[in-house]
Amino acid sequence: MVSEPWEGGMLKLLGLCLVVLLSACSNYCYNFGIDDNKAMADTSNFRASIEIVSGEGDVYPMNAYRLSIFNYTYEDIEVDWNKTYFICNGKIKGKFMFRGDDFTKRNAPKAPSVILPQEKLVKVIYPNALALCSPDCLNNSMIPDGETGVDLTLNVDGYEVKTQLLISKSTCKAEKK
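Below is a summary of the structure that appears in this document.

Cut-offs used in this document
- Residues numbered from 1 in each chain as written.
- Predicted model: local features only at pLDDT ≥ 70, side-chain atom pairs only at ≥ 80, totals over all residues.
- Heavy atoms only, no water.
- Helix = DSSP H or I, 4+ residues; strand = E, 2+ residues; numbered from the N terminus.
- Buried < 20%, exposed > 50% of the residue type's maximum accessible area, 1.4 Å probe, protein only.
- Contact = heavy atoms within 4.5 Å.
- Areas by Shrake-Rupley, 256 points an atom, 1.4 Å probe, with all protein chains shown as cover.
- Pairing = 2+ DSSP bridges.
- Phe/Tyr/Trp six-rings, centres within 6.5 Å; stacked < 30°, edge-to-face > 60°.

1. Observations regarding the overall build of the protein chain
Each helix and strand in the protein chain was counted, giving two helices and 14 strands. Within the protein chain, the fraction of its 177 residues that count as buried is 34%. Contacts in the protein chain between residues at least 24 apart in sequence constitute 67% of all its contacts with a sequence separation of at least 6. Total accessible area on the protein chain stands at roughly 10900 Å², and carbon and sulfur atoms take up 56% of it.

See the structure below:
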C-alpha cells in the first residue's frame, strides 16, 4: 500500500514548521490608559474626546487621533487650529494636519472649524511632528509610547477655552508562554 505524501510524517513536519514560524513572529500588545485609548473632557458647553486611530488609507497603525467635539450651546463654537497642539510626554511638539494637506504647508495657519449649535464635529488629525514624506505619498509614523494627546483651544461664546486630552499608551512585546 502506497501512502499519500500528506499523511503521517509530512503532515506533522508541516505542522511543526508552521508552529516554529508563528512563534518566531513578533507579537505586540497595546496598553492604553485613561479609559482604554480614549480621553474625554465634558463641560457645560461642550464634550470633547480623542482616541488613537489609524487614518483612513494609511500604512502606519495608530498614527492619528479622532477628535470629536459636541457643542451643547445655542451658539457656534470654533476650534482654533493655530492654538491647538500635539502634546508628547508633557511637551508641545507642534500642531496638526489633516488628510489631503500639502506637506510643505503643514505648519501654515489654518482656518478654524465651526461647530454649529447642538451639532458634532468629528475629524481625524495627524501630528505634524510625525509627518513622513516620500515622493509619492505622505504618511505619519506611529504615535509614540507615553502620554500623548491634544492641547485643544476652542472659542466658546467669545472666550478662549483650553483643555488637554491625554492618552497613556505603551507598546510592548507580548509575553511568550
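2. Remarks on the pairing of strand β3 (residues 46-53)
Of all the eight residues making up β3, six are buried; the element is thus mostly covered by neighbouring parts of the structure. The hairpin formed by strand β2 (residues 38-42) and β3 contains three residues between the paired strands.

3. Focus on the packing of aromatic side chains
Scanning all chains against the criterion turns up five aromatic pairs. Here the aromatic rings of Y65 and F96 are separated by 6.4 Å at their centres, their planes lie at 80°, and the arrangement is edge-to-face. Here the residue Y65 occupies a position in strand β4 (residues 64-71), and F96 occupies one in strand β8 (residues 96-97), the gap between them amounting to 31 residues. Exposure remark for Y65: the relative accessible area of 0% places this residue in the buried category. Ring centres of F86 and F96 lie 6.2 Å apart, and the angle between their planes is 80°; on these two criteria the pair is classed as edge-to-face. Residue F86 is found in strand β6 (residues 85-88), and its partner F96 is found in strand β8; the two are separated by 10 residues along the sequence.

4. Some points on the sheet that holds β4
In space, the five strands of this open sheet follow the order β2-β3-β4-β10-β8, with antiparallel pairing throughout. At either margin of the open sheet sits one strand with a lone partner, and together these are β2 and β8. Of the strand pairs in this sheet, β4 and strand β10 (residues 120-127) are connected by six bridges, and their pairing is antiparallel. Residue pairing for β10: R66 is matched across the bridge by V124.

5. A short note on unusual backbone geometry
One non-glycine residue, Q118, lies in the positive phi region at around 60°. Secondary-structure assignment places Q118 in the loop between β9 (113-115) and β10.

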